[in-house]
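Each chain, letter by letter, is given below.
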Amino acid sequence: MSRKLLLEHINVPGINTLEVYRQKGGYRAVEKAIKTLTPDEVVEEVKKSGLRGRGGAGFPTGMKWSFLAKPEGVARYLVCNADESEPGTFKDRYLMTYIPHALIEGMIVSSFALGANTSYIYVRGEMMPQIRILEKAIAEAKAAGFLGKNILGSGYDLELYVQPGGGAYICGEETALLESLEGKRGNPRIKPPFPAIAGLYGCPTVVNNVESIAAVVPIINDGGDEYAKIGVGRSTGTKLISASGNLVKPGVYEIELGLPVEEFIYSDEYCGGIANGKRLKATVAGGSSVPILPANLTLKYANGEPRLMSYESLAEGGFATGTMLGSGGFIAFDEDQCIVRNTWNFSRFYHHESCGQCSPCREGTGWLEKVLHRLEYGHGKMSDIDLLVDVSRKIEGNTICPLGDAAAWPVASAVRHFRDEFEWHVKEPVKCLSSNYGLANYAVPIEKQAVAEEK
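Residues numbered from 1 in each chain as written. Predicted model: local features only at pLDDT ≥ 70, side-chain atom pairs only at ≥ 80, totals over all residues. Heavy atoms only, no water.

Novice: Quick question: what am I supposed to make of the packing of helix α15 (residues 339–353) against helix α16 (residues 359–376) here?
Specialist: When two helices pack together, you describe them by how their axes are tilted relative to each other and by the distance separating the axes. Where α15 meets α16, the closest approach of the two axes is 9 Å, and the angle between their N-to-C directions is 150 degrees. In terms of orientation, α15 lies roughly antiparallel with respect to α16. Judged by the twist between their axes, the crossing of α15 over α16 is left-handed. For the pair α15 and α16, the contacting residues are V340, R341, T343, W344, S347, R348, Y350 and H351 in the first and R362, T365, G366, L368, E369, L372, H373, L375 and E376 in the second. (Axes fitted to C-alpha atoms, helices over the stretch in contact; angles between N-to-C directions. Helix = DSSP H or I, 4+ residues; strand = E, 2+ residues; numbered from the N terminus. Parallel < 35°, antiparallel > 145°, perpendicular 65-115°, else oblique. Left-handed = near helix turned anticlockwise from the far one by under 90°. Contact = heavy atoms within 4.5 Å.)

Novice: Whenever I open this one, the pairing of strand β13 (residues 329–334) confuses me. Can you help?
Specialist: Sheet faces and side chains relate simply in a regular strand, where the side chains alternate between the two faces. Counting buried positions over the six residues of β13 gives six, a clear majority of the element. Residue alternation in β13 divides its side chains into two sets, G329, I331 and F333 and F330, A332 and D334, and both sets are buried. Where strand β7 (residues 238–245) lies against β13, four bridges are found, and the strand directions are parallel. Its bridge partner lying in β13, S242 is registered against G329. Sheet topology note: the strand β10 (residues 280–284)/β13 ladder contains four bridges and is antiparallel. The residue bridging L280 from the neighbouring strand is D334, located in β13. (Buried < 20%, exposed > 50% of the residue type's maximum accessible area, 1.4 Å probe, protein only. Pairing = 2+ DSSP bridges.)

Novice: Just to check I follow, could you spell out the environment of G328 for this structure?
Specialist: Topologically, G328 is positioned in the loop between α14 (318–321) and β13. Overall, G328 belongs to the buried group, its relative accessible area being 0%. Spatially, the C-alpha atoms of G328 and T89 are 6.8 Å apart, while their sequence positions differ by 239 residues. With near-sequence residues (within four places) excluded, G328 lies in contact with K239, L240, I241, S242, A285 and G286.

Novice: I keep staring at the sheet that holds β13 and nothing clicks. Help me out?
Specialist: In sheet architecture, strand pairing relies on hydrogen bonds along the backbone and comes in two forms, parallel and antiparallel. Read across the sheet, five strands follow the order β8-β7-β13-β10-β11 without closing on themselves; strand pairing throughout is mixed. Pairing within the sheet leaves two strands with one partner each, and these edge strands are β8 (251–256) and β11 (292–294). In this sheet, adjacent strand axes meet at a mean angle of 30 degrees when their direction is disregarded. The pairing of β7 with β8 spans six bridges and is classified as antiparallel. Residue T238 lies in a different strand from β8, and its bridge partner there is E256. Packing against the sheet, helix α18 (residues 403–427) makes contact with β10 and β11, and its axis sits at approximately 25 degrees to β11.

Novice: Can you help me understand the nonpolar core in this one?
Specialist: Note that soluble globular proteins tend to have their nonpolar side chains buried in a common cluster. Ranked by internal contacts, the top residues of the largest apolar core, which has 64 residues, are I104 and I121. Looking at this core, the element that brings in the most residues is helix α6 (residues 100–114), giving nine residues. Excluding anything up to four places from it in sequence, I121 contacts C80, A82, L103, I104, M107, L134, L160, Y161, V162 and Q163. (Core = buried A, V, L, I, M, F, W, Y, C linked by side-chain atoms within 4.5 Å.)

Novice: Could you clarify how one ought to interpret the sheet that holds strand β4 (residues 205–209) in this entry?
Specialist: Spatial strand order, β3-β2-β1-β4: four strands in an open sheet with parallel pairing. Whereas interior strands pair on both sides, the edge strands pair on one side only; in this sheet they are β3 (159–164) and β4. Across this sheet, the average inter-strand angle for adjacent strands is 20 degrees, counted without regard to direction. Inspection of the sheet shows strand β1 (residues 77–82) paired to β4 by five bridges, in the parallel sense.

Novice: Looking at this structure, how should I read the packing of helix α2 (residues 28–36) against helix α9 (residues 210–222)?
Specialist: Look at α2 against α9: their axes get within 9 Å of each other, and the N-to-C directions meet at 60 degrees. In terms of their interaxial angle, α2 and α9 are classed as oblique. When the axes of α2 and α9 are compared, the crossing they make is left-handed. Every residue of α9 that contacts α2 at R28, A29, K32 and A33 is listed here: V217, I220 and N221. Here the contact of α2 with α9 is built from residues that sort into four nonpolar, one polar and two charged. (Nonpolar A, V, L, I, M, F, W, Y, C, P; charged D, E, K, R; others polar.)

Novice: Looking at this structure, how should I read the pattern of salt bridges?
Specialist: It is possible for side chains bearing opposite charge to pair when their charged atoms get close. Using the criterion set out here, one finds 30 salt bridges in the structure. Close ionic contact of K70 with D40 constitutes a salt bridge, the shortest N to O distance being 3.6 Å. Taken together, the residues span a long stretch of sequence, with K70 in the loop between α4 (61–66) and β1 and D40 in helix α3 (residues 39–49) at a distance of 30 residues. A residue is classified by how much of its surface remains accessible, and D40, at 52% relative accessible area, is exposed. Among the salt bridges present, the one from K48 reaches E45, with a minimum N-O distance of 3.1 Å. Of this pair, K48 and E45 both sit in helix α3, three residues apart, which is roughly one turn of that helix. Note on K48: relative accessible area 34%, which makes it partly exposed. Assessed through its relative accessible area of 19%, E45 is described here as buried. Among the charged side chains, a network of salt bridges with common partners joins R54, K91, D92, E211 and K239. (Salt bridge = Lys/Arg side-chain N within 4 Å of Asp/Glu carboxyl O.)

Bear in mind that shape data such as this cannot, by itself, settle questions of function.
Listed below in structure tokens is the structure:
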């Protein structure tokens, strides 16, 4: 069994309440940080831990904190990005629903480290139940003296607020989130200046993901060096994975980074294999914005070595044969799924969610959706396939924020790895309306699948 740091007590009755959370060691990190450590020492522990941002980018959290400007007499802010809108990702919602005090405790410790006296949790607008849960948890923490004036008699003050999101995927981009938090339309800002210099209300600001902030608690409790011993290489600690699609046991799993992908998919401890006895066709390993991989490249590198659930291993081979861990939204597709249809579905989402500020994204996402719709419904041409690649190239790297890349990468990778399925949609315009292409040569040979399932 892998080590659990965030979900160890998730099934304890009443763990969402302060009383039970405290019985299980809750708020020890707050007491340790505020009573025995300086803010710089907390930052140093996070640096030593090797914690990387769990929202998708994977940037070292401690390093990000160290960039925060500290001008005299200017307020600093910590903002938690809980605007979880990436298709295939639901780990943050799970954490906020069942163990909200883990996030609250992480916010207090992190705010102390950054010298922030006012902090915000920006929650996706559709998550009203989670917003109410967090507000209740904040009230409990404040009544117990962990929030408000003079926390634990230390002289440190912190007010923590929950802000419902603006109802747009783009508000998950940190500068668009800050614009929305200020009451404006959630359009991404041009960088520089970066939020660490001029963020919320023009003041130095750090924006971190829910899981990243919650992970600060075990880091302070156990020490950064102990946390760094978990995982593999530069992928330290544990990671929450949102597993969905055609799996026997979809759900949220906490894994030690470095777990073999094959074990994650097929072992009974995790996903339990592909549902209904089907074979694996493809996966999206880190949410809808990362490149899709066929089954053979999901389980192994191009050279045949096992692929691991880590930032480096999933990226091995670049976009030619690799992908990204991203936000940990792991979607599995069985042999009966249509890659063209699923790619079109992703493109519909990104076209709808584009803020329209940048021409390549505003126009390009629309073209991707239109062309994929043509191919899916039997009206496509062979030239449309190359058109998809061309449009993707013209979007990638040419927008203010990463939404353009997020729209382009799934399409480009789908054509790269599944081109014959796209061509089949052109050659069989009637047949593609009533049946799917199947596995073709994407999947691992049946005998290897059987061996994996026996394990």
